[in-house]
Amino acid sequence: MSKKRLLSIVATLSVAVAGVAAALLPMTASHAAEACVAAYNSSTVYTGTMRASYNSHNWTAKWWTQGEAPSTGGSGVWADNGACGGTTPPPGGTCDYPNWVAGQFYPAGSIVKYTNGGYYRAKNENPGYDPVISTWYWEPYTCGGTTPPPPGSGSFPVSAAQFQQMFPNRIPFYSYAGLIDAIKKYPAFTTTGSDTVRKQEAAAFLANVNHESGGLVYVEEINQANWPLYCDRSQPYGCPAGQNAYHGRGPIQLSWNFNYKAAGDALGIDLLNNPDRVKNETSVAYQTAVWYWMTQRGPGTMTPHDAMVNSRGFGETIRSINGSLECNGGNPAQVQSRVDAYNRFASILGVSPGGNLYC
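Residues numbered from 1 in each chain as written. Predicted model: local features only at pLDDT ≥ 70, side-chain atom pairs only at ≥ 80, totals over all residues. Heavy atoms only, no water.

## A word on the nonpolar core
Link 1 in the chain: Phe156, Phe163, Phe189, Phe205 and Leu206 are the most contacted members of the largest nonpolar core, which totals 62 residues.
Link 2 in the chain: If you list the elements that add at least two residues to this core, you get α2 (160–166), α3 (176–182), α4 (195–213), α5 (257–267), α7 (282–295), α9 (314–326) and α10 (332–348).
Link 3 in the chain: With nine residues, α7 is the largest single contributor of residues to this core.
Link 4 in the chain: With residues up to four places along the chain from it excluded, the contact list for Phe205 reads Leu179, Phe189, Ala289, Val290 and Trp293. (Core = buried A, V, L, I, M, F, W, Y, C linked by side-chain atoms within 4.5 Å. Buried < 20%, exposed > 50% of the residue type's maximum accessible area, 1.4 Å probe, protein only. Helix = DSSP H or I, 4+ residues; strand = E, 2+ residues; numbered from the N terminus. Contact = heavy atoms within 4.5 Å.)

Now the structure itself:
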């Protein structure tokens, strides 16, 4: 065989081998499946946004569940996050994702950079909901070693242990983590004034929440006969979710179509058309309570927040929340129930309750 012919064959073989080698190279980390999270356990209670892996897929619980294996059927409690088993991209990779934009549609799987510098991935498609508030739609995403700041309680004067002491019978839906996530929306909440004032405000807020939700036990108003009463048809937007859709929900029992509209507008969430988000998403439920506390006067003359930071006393918070029915002798027993809880919570936090406890 001629030398020229031999070189030709060698060259051809080299190209072929290179092609096979390239085909056999593993996919880069950016195309690998997400790493599997902790395996599903039938005895574990899962609440909204908790995750589990099952049958080589990662899943996210939409609301409270126990004993229902992840699937796309059944009650619909589980959201399929896709196949898992790959490895998470190593720190230091390139992060070239767009900034999150409120009101912009994001399909499931979209990754954005939030205003806190962290990255979030859409678990479910959504019309631009806030990644920090709407945890059913978004989840933290690790990118280049950058993760969203973990929910912390550094600015909230109630520890997880104290919270549990205050609410020993609370249902899993009302988690401490959900509350910590929710209060980020209003930085002045329990951070204004002296340490004593901060603890008094936290105790006052939680005491009213305790009364409205039966100790963080009830998510929806118990008396269903009242449900049709909260639709004010005189409002120009009406009641698009239905006559019975605007009953009390959440830790402060948000009620009436106009309150769902106002709260949703303030939080960047369409609660007028989707009021059930208050009962299905822990962070949203707590957000509505903090929104009312920080911005609404109700039948009173000041917001509950202003009442506490300006030393007007716990009694004024009752007036702003349900004063038209309870204050001025309307229902002394209900007022006393709130005051008793406030005194108990203030004691747990080691602070004096102050004066002006009644209304």
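## A few points about the environment of Gln336
Link 1 in the chain: You can see Gln336 is positioned in helix α10.
Link 2 in the chain: Here Gln336 falls in the partly exposed class, since its relative accessible area comes to 30%.
Link 3 in the chain: Sequence separation of Gln336 and Glu326 is 10 residues, and the distance between their C-alpha atoms is 9.9 Å.
Link 4 in the chain: A polar side-chain atom of Gln336 sits 3.0 Å from a polar atom in the side chain of Tyr358. (Polar contact = N/O pair within 3.5 Å; in protein donor to acceptor, adjacent residues only side chain to side chain.)

## Looking at the packing of aromatic side chains
Link 1 in the chain: One pass over the full model with this rule turns up 17 aromatic pairs.
Link 2 in the chain: Considering the side-chain rings of Phe163 and Tyr176, the 5.5 Å spacing of their centres and the 55° angle between planes classify their relative orientation as tilted. Taken together, the positions of Phe163 in helix α2 and Tyr176 in helix α3 put the pair 13 residues apart, joining distant regions of the chain.
Link 3 in the chain: Look at Phe163 and you get buried, because its relative accessible area is 1%.
Link 4 in the chain: A centroid spacing of 5.4 Å and a plane angle of 85° characterise the contact between Phe205 and Trp293, whose relative ring orientation is edge-to-face. In this pair, Phe205 sits in helix α4 while Trp293 sits in helix α7, placing the two residues 88 residues apart along the sequence. With respect to burial, Phe205 and Trp293 carry one shared label: buried.
Link 5 in the chain: Three or more aromatic residues link up through ring pairs in this structure, and these residues are Phe156, Phe189, Phe205 and Trp293.
Link 6 in the chain: The ring of Tyr129 has Arg277 lying over it, and the distance from NZ or CZ to the ring centre is 4.1 Å. (Phe/Tyr/Trp six-rings, centres within 6.5 Å; stacked < 30°, edge-to-face > 60°. Lys NZ or Arg CZ within 6 Å of the ring centre and 35° of its normal.)

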